[in-house]
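Chains, contacts and geometry: an overview
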Amino acid sequence: MVNDGEHYNPTTGIFTVPYEGRYLIAAVLVSEREESIEAALIVSNVSVAQLDTSGYKREELEYHQQFSRKQCCGGTGTFHIILNLKSGDEVSIVLTAGKLAYTTVSEMYSTFSGFFLYPNIPLS
């Protein structure tokens, strides 16, 4: 694992943005077999993206209505998003449902990455 500058805290799972600018934030979340997962990408306590490996449930997301919670196979969920972030912003992935696959050896099934692309360019 690369953690240049120590801006990622592996204990909390939080990446603290060191420089204002554009970042590519990416995550690959692998569920346990026959499990679906739900997760949110959080920037400074605000959800900016969500994923659900069991599929899009329009009624629940748009109308906030609860329907059948029939469990189905999930698979892998991913985030790849370019964000304009400020120095000090805290970025994390919050698992809201399901179980991530894990192993007792040093292999990684799920990953979370942040890449600084370029600083903000002032408009003239």
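Anyway, here's the lowdown on the structure attached to this text. (Residues numbered from 1 in each chain as written. Predicted model: local features only at pLDDT ≥ 70, side-chain atom pairs only at ≥ 80, totals over all residues. Heavy atoms only, no water.)

1. Here we look at the environment of asparagine 45
- Secondary-structure assignment places asparagine 45 in the loop between strand S4 (38-43) and strand S5 (46-52).
- For the pair formed by asparagine 45 and aspartate 89, sequence separation is 44 residues and the distance between their alpha carbons is 9.3 Å. (Helix = DSSP H or I, 4+ residues; strand = E, 2+ residues; numbered from the N terminus.)

2. Examining the sheet that holds strand S3 (residues 21-30)
- On the basis of which strands lie adjacent, the open sheet formed by three strands has the order S6-S3-S8 and antiparallel pairing. Of all the strands in the sheet, the pair left with one neighbour each is strand S6 (76-85) and strand S8 (111-118). On average, adjacent strands in this sheet sit at an angle of 15° to one another, irrespective of strand direction.
- As defined by bridge partners, S3 adjoins S8 across seven bridges and the pair is classed as antiparallel. By the bridge assignment, leucine 24 is partnered in S8 with phenylalanine 115. (Pairing = 2+ DSSP bridges. Axes fitted to C-alpha atoms, helices over the stretch in contact; angles between N-to-C directions.)

3. Considering the nonpolar core
- Grouped together as the largest cluster of nonpolar side chains are 16 residues, with contacts concentrated most on Ile25, Leu41, Phe79, Leu85 and Val91.
- Contributing elements (two or more residues each) for this core: S3, S4, S5 and S6.
- Setting aside residues no more than four positions away along its own chain, leucine 41 makes contact with Ile25, Val46, Ser47, Val48, Ala49, Phe79, Ile81, Leu83, Val91, Ser92 and Ile93. (Core = buried A, V, L, I, M, F, W, Y, C linked by side-chain atoms within 4.5 Å. Buried < 20%, exposed > 50% of the residue type's maximum accessible area, 1.4 Å probe, protein only. Contact = heavy atoms within 4.5 Å.)

4. Considering a nonpolar patch on the surface
- There is a patch of nonpolar side chains on the surface, built from Ile82, Phe115, Leu117, Tyr118 and Ile121 and spanning about 520 Å² of accessible area.
- Taking relative accessible area as the criterion, leucine 117 reaches 40% and is therefore assigned partly exposed. (Patch = residues over 30% accessible without salt bridge, like charges linked within 9 Å, V, L, I, M, F, W, Y side chains within 5 Å. Areas by Shrake-Rupley, 256 points an atom, 1.4 Å probe, with all protein chains shown as cover. Salt bridge = Lys/Arg side-chain N within 4 Å of Asp/Glu carboxyl O.)

5. Considerations on unusual backbone geometry
- One non-glycine residue, serine 44, lies in positive phi territory at about 45°.
- Judged by relative accessible area, serine 44 falls into the partly exposed class, the value being 33%.
- Even without a glycine there, the phi angle at asparagine 45 is positive, about 70°.

6. With respect to the pairing of S3
- The sheet contact formed by S3 and S6 spans 10 bridges and is antiparallel. Bridge pairing in S6 links leucine 29 to glycine 77.

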